[in-house]
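Each chain, letter by letter, is given below.
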Amino acid sequence: MAARTTTPEKRPGFFATIKNLFTFTHGEYPWVAWVLPLVLVAGVAVGVVIALVTAQPWWGYILWVVFGIMLGLIGAMLLMNRLATSAMYKKIDGMPGGAGHVVANMLGRNWRGEDMPVAVNAKTQDAVYRAVGRGGVVLIGEGTRSRLERLVKKEKTTSLRITHGSVPVTVLYVGHGEDEVPVDRLAREIKKLPKVVNRAGMEQLSARTESISRGGAASLPIPKGIDPTKVRAPKPR
């Protein structure tokens, strides 16, 4: 039997993370390889122009060039991070588990959600995810709309039993059809819901939904869907 080790898993360093982020983004947007240097050059140009306009001494030019380099690096990182997020959404669009990835990772601190569905059709992989937050309870249907109606109706009944009608239960369907929400807009649609409970109420609501969910969907043969660790773009620390 192999000996157990207590050595913590080594996380990639800063430059390794940047490299992974660039590789991930370049796979979807090949032109990023020449746009990022242009952004860096533009930052340096801004620094030089400011030095010329303000008639800086020779050492002032050095300082403003350094400022321009920093400005260009920040601009390039912001652009790459935005493109990486867009590339991630493109990869998970239409994939089983894409909505779960958004619910679990993209909603911020005002919402709670998991990447595992609360209801699922194991044969068709149609699934319903649930997010609980300041805007109440949100059920997200992923799959064929007609097949999801029954699953969503059942979970909405459960949610209403949890909330006793005191907070709204919103239903969203992921897709590109009429009255559906594309996966890249899902987090935005959820976060813009009006706040109806305070933070303490949100924690209470989250605890109640978790207690009812135990032994339910967790015991079903739920398909794994996508692997978020392979799709999510690494972010620089």
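Residues numbered from 1 in each chain as written. Predicted model: local features only at pLDDT ≥ 70, side-chain atom pairs only at ≥ 80, totals over all residues. Heavy atoms only, no water.

A. Inspection of the packing of helix H2 (residues 32-53) against helix H3 (residues 58-92) at higher detail. At a minimum axis separation of 7 Å, H2 and H3 run at an interaxial angle of 150°. As far as their axial angle goes, H3 and H2 are roughly antiparallel. As for how H2 packs across H3, the hand of that crossing is right-handed. Tallied by class, residues from the contact of H2 with H3 come to 22 nonpolar, 5 polar and no charged. (Axes fitted to C-alpha atoms, helices over the stretch in contact; angles between N-to-C directions. Helix = DSSP H or I, 4+ residues; strand = E, 2+ residues; numbered from the N terminus. Parallel < 35°, antiparallel > 145°, perpendicular 65-115°, else oblique. Left-handed = near helix turned anticlockwise from the far one by under 90°. Nonpolar A, V, L, I, M, F, W, Y, C, P; charged D, E, K, R; others polar.)

B. Quick peek at the side chain of Glu142. Assignment of secondary structure puts Glu142 in strand E4 (residues 136-142). Put simply, Glu142 is tucked away with no salt bridge, and the nearest opposite charge, on Arg147, sits 11 Å away. Within the structure, the side chain of Glu142 is placed 2.8 Å from the backbone nitrogen of Ala99, a separation counted as a polar contact. With sequence-adjacent residues up to four places away left out, Glu142 is seen in contact with Met95, Pro96, Gly97, Gly98, Ala99, Gln125, Asp126, Ala127, Tyr129 and Leu148. (Buried < 20%, exposed > 50% of the residue type's maximum accessible area, 1.4 Å probe, protein only. Lys, Arg positive; Asp, Glu negative; His and termini not counted. Salt bridge = Lys/Arg side-chain N within 4 Å of Asp/Glu carboxyl O. Polar contact = N/O pair within 3.5 Å; in protein donor to acceptor, adjacent residues only side chain to side chain. Contact = heavy atoms within 4.5 Å.)

C. Molecular detail of the packing of aromatic side chains. Per the stated rule, a full pass over the model turns up 2 aromatic pairs. Against the face of Phe24 rests Lys91, its NZ or CZ located 5.9 Å from the ring centre. Here Arg145 stacks its cationic end above the ring of Tyr173, 3.9 Å away from the centre of that ring. (Phe/Tyr/Trp six-rings, centres within 6.5 Å; stacked < 30°, edge-to-face > 60°. Lys NZ or Arg CZ within 6 Å of the ring centre and 35° of its normal.)

D. Focus on unusual backbone geometry. Positive phi values are uncommon outside glycine, yet Ala55 reaches one of about 50°. Tracing the chain through its elements places Ala55 in the loop between H2 and H3. Using a relative accessible area of 63% as the deciding quantity, one classes Ala55 as exposed. Not every positive phi belongs to a glycine, and Asp179 is a case in point at roughly 60°. Inspection of the secondary structure assignment puts Asp179 in the loop between strand E5 (169-174) and helix H6 (183-191). Judged by relative accessible area, Asp179 falls into the exposed class, the value being 63%.

E. Examining the confidence of the model for the protein more closely. Here the protein averages 82 in pLDDT, and 84% of its residues register 70 or above. The model gives residues 215-237 a pLDDT under 50, and that stretch makes 45 contacts with residues more than four places away or in other chains. (pLDDT = per-residue confidence, 0-100.)

F. Representation of the environment of Val171 within the structure. By the element assignment, Val171 lies in strand E5. You can call Val171 partly exposed: its relative accessible area is 27%. Sequence-wise, Val171 and Lys156 are 15 residues apart; in three dimensions their C-alpha atoms are separated by 8.2 Å. Other than its neighbours up to four places away in sequence, Val171 contacts Leu139, Val152 and Lys156.

G. Expanded view of the nonpolar core. Counting 33 residues, the largest nonpolar core has Tyr89, Val102, Ile140, Leu186 and Ile190 as its most contacted members. Listed by contribution, the elements that provide at least two residues to this core are helix H1 (14-28), H2, H3, helix H4 (98-105), strand E3 (127-133), E4, E5 and H6. With 8 residues, H3 is the largest single contributor of residues to this core. Within the second largest apolar cluster, 16 residues are counted, among which are Val132, Val152, Ile162 and Met202. (Core = buried A, V, L, I, M, F, W, Y, C linked by side-chain atoms within 4.5 Å.)

H. Broad picture of the environment of Gly113. Within the fold, Gly113 resides in strand E1 (residues 111-113). Sequence spacing of Gly113 and Val103 is 10 residues, and the spatial spacing of their C-alpha atoms is 5.3 Å. Setting aside its immediate chain neighbours within four residues, Gly113 contacts Val103, Ala104 and Arg130.

I. Spotlight on the pattern of salt bridges. Scanning the model with the defined rule gives 6 salt bridges in all. Here Glu203 ties to Arg112 by a salt bridge, and the two come within 2.5 Å at their closest N and O atoms. Remark: Arg112 occurs in strand E1 and Glu203 occurs in helix H7 (residues 199-213); sequence separation between them is 91 residues. Judged by its relative accessible area of 36%, Glu203 is partly exposed.

J. Expanded view of the packing of H1 against H2. In the contact formed by H1 and H2, the axes pass within 9 Å of each other and the chain directions differ by 120°. The angle between the axes of H1 and H2 places the two elements in the oblique class. Along its contact with H1, which presents Phe22, Thr25 and His26, the element H2 presents Val32, Ala33 and Leu36. Residue composition of the contact of H1 with H2, by class: 4 nonpolar, 2 polar and no charged.

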